[in-house]
Amino acid sequence: MRLVLGSQSSARLTVLRSAGIDPVVRVSGVDEDAVAAALTDPRPDELVTALAEAKAHAVVAALAGEPTELLQEAVVVGCDSMLSINGKMVGKPGTPEVARERWREMAGKTGELLTGHVVLRLVDGVVDRAARGAQATTVRFGTPSDRELEAYIATGEPLAVAGGFTLDGMGGWFIDGIDGDHGSVLGISLPLTRRLLAEVGVSVIDLWPAS
């Protein structure tokens with residue numbers, strides 16, 4: 001049994017490897033804006049879970065051309081993270097201008113980082129069982145000086161991460177604290193993933209390397 005991570009996030013990969021799982025990595029290539037646009041007034045948790053589900057199913061479809069042994073029995077995990085703050089759901093800034101605007105709105109405030117998780121169990125290349133859920137963690141933002149903010153944006157780090165910040169990178173200097181699951185802020189919650197794996201009949205220890 002292998003775990004397939006449907007994400008190019010180095011943070012998610014690091015969390016899983018640190019927890020004893022070396023996943024197969026496949027990038028979904030899902031158009032997140034198109035998936036979100038197809039939803040009708042979703043709640044924040046519904047939005048991130050729908051995006052995670054789209055990613056997981058896209059990876060399953062792409063796996064059709066993979067080696068038979070991978071398709072015989074595997075679990076595909078899809079995740080998506082967004083920040084809820086000031087009444088809005090925001091994803092990756094994408095540009096320095098948007099990152100700057102976001103940080104000026106976030107500084108000194110509190111937001112909620114939500115990560116949707118979907119686990120699909122594959123048996124002989126077919127989705128046999130599925131489980132889904134979302135984890136929310138409160139994030140308390142610091143107030144970087146103008147010089148600090150410009151230097152942070154110049155690193156490029158905040159442009160490609162949900163909410164425009166990291167907890168485990170340079171952005172961590174500007175986070176005053178969190179309440180909840182830190183793994184969810186990094187992009188994957190281990191406790192939630194373990195529960196979802198159990199729902200599809202897989203124990204996390206079965207994904208650990210053989211001793």
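This text gives an overview of the structure that appears in the document. Predicted model, so just to flag it, every value in this text is computed and none were measured.

1. Looking at the pattern of salt bridges
Evaluated as defined, the whole model comprises 11 salt bridges. The network of salt bridges with shared partners includes Glu32, Lys55, Asp80 and Lys92.

2. A closer look at unusual backbone geometry
The residue aspartate 41 is not glycine, and still its phi comes out positive at about 45°. Position of aspartate 41 among the secondary structure elements: in the loop between helix H2 (32-37) and helix H3 (44-62). Owing to a relative accessible area of 73%, aspartate 41 belongs among the exposed residues under this scheme. One non-glycine residue, asparagine 86, lies in positive phi territory at about 55°.

3. So, the packing of aromatic side chains
For the structure shown, the criterion picks out five aromatic pairs. Judged by centre distance (6.2 Å) and plane angle (80°), the rings of tryptophan 103 and phenylalanine 174 are edge-to-face. In this pair, tryptophan 103 sits in helix H5 (residues 96-106) while phenylalanine 174 sits in the loop between helix H6 (146-154) and strand S7 (175-179), placing the two residues 71 residues apart along the sequence. The pair tryptophan 103 / phenylalanine 174 is uniform in exposure class, with both members buried. A ring pair is formed by phenylalanine 141 and phenylalanine 165, whose centres lie 5.1 Å apart and whose planes are at 90°; its orientation type is edge-to-face. Of this pair, phenylalanine 141 sits in strand S6 (residues 126-141) while phenylalanine 165 is found in the loop between H6 and S7, placing the two residues 24 residues apart along the sequence. Taking relative accessible area as the criterion, phenylalanine 141 reaches 2% and is therefore assigned buried. Among the aromatic residues, those joined into a cluster by ring pairs are Trp103, Phe141, Tyr152, Phe165 and Phe174.

Calculation rules
- Residues numbered from 1 in each chain as written.
- Predicted model: local features only at pLDDT ≥ 70, side-chain atom pairs only at ≥ 80, totals over all residues.
- Heavy atoms only, no water.
- Salt bridge = Lys/Arg side-chain N within 4 Å of Asp/Glu carboxyl O.
- Helix = DSSP H or I, 4+ residues; strand = E, 2+ residues; numbered from the N terminus.
- Buried < 20%, exposed > 50% of the residue type's maximum accessible area, 1.4 Å probe, protein only.
- Phe/Tyr/Trp six-rings, centres within 6.5 Å; stacked < 30°, edge-to-face > 60°.

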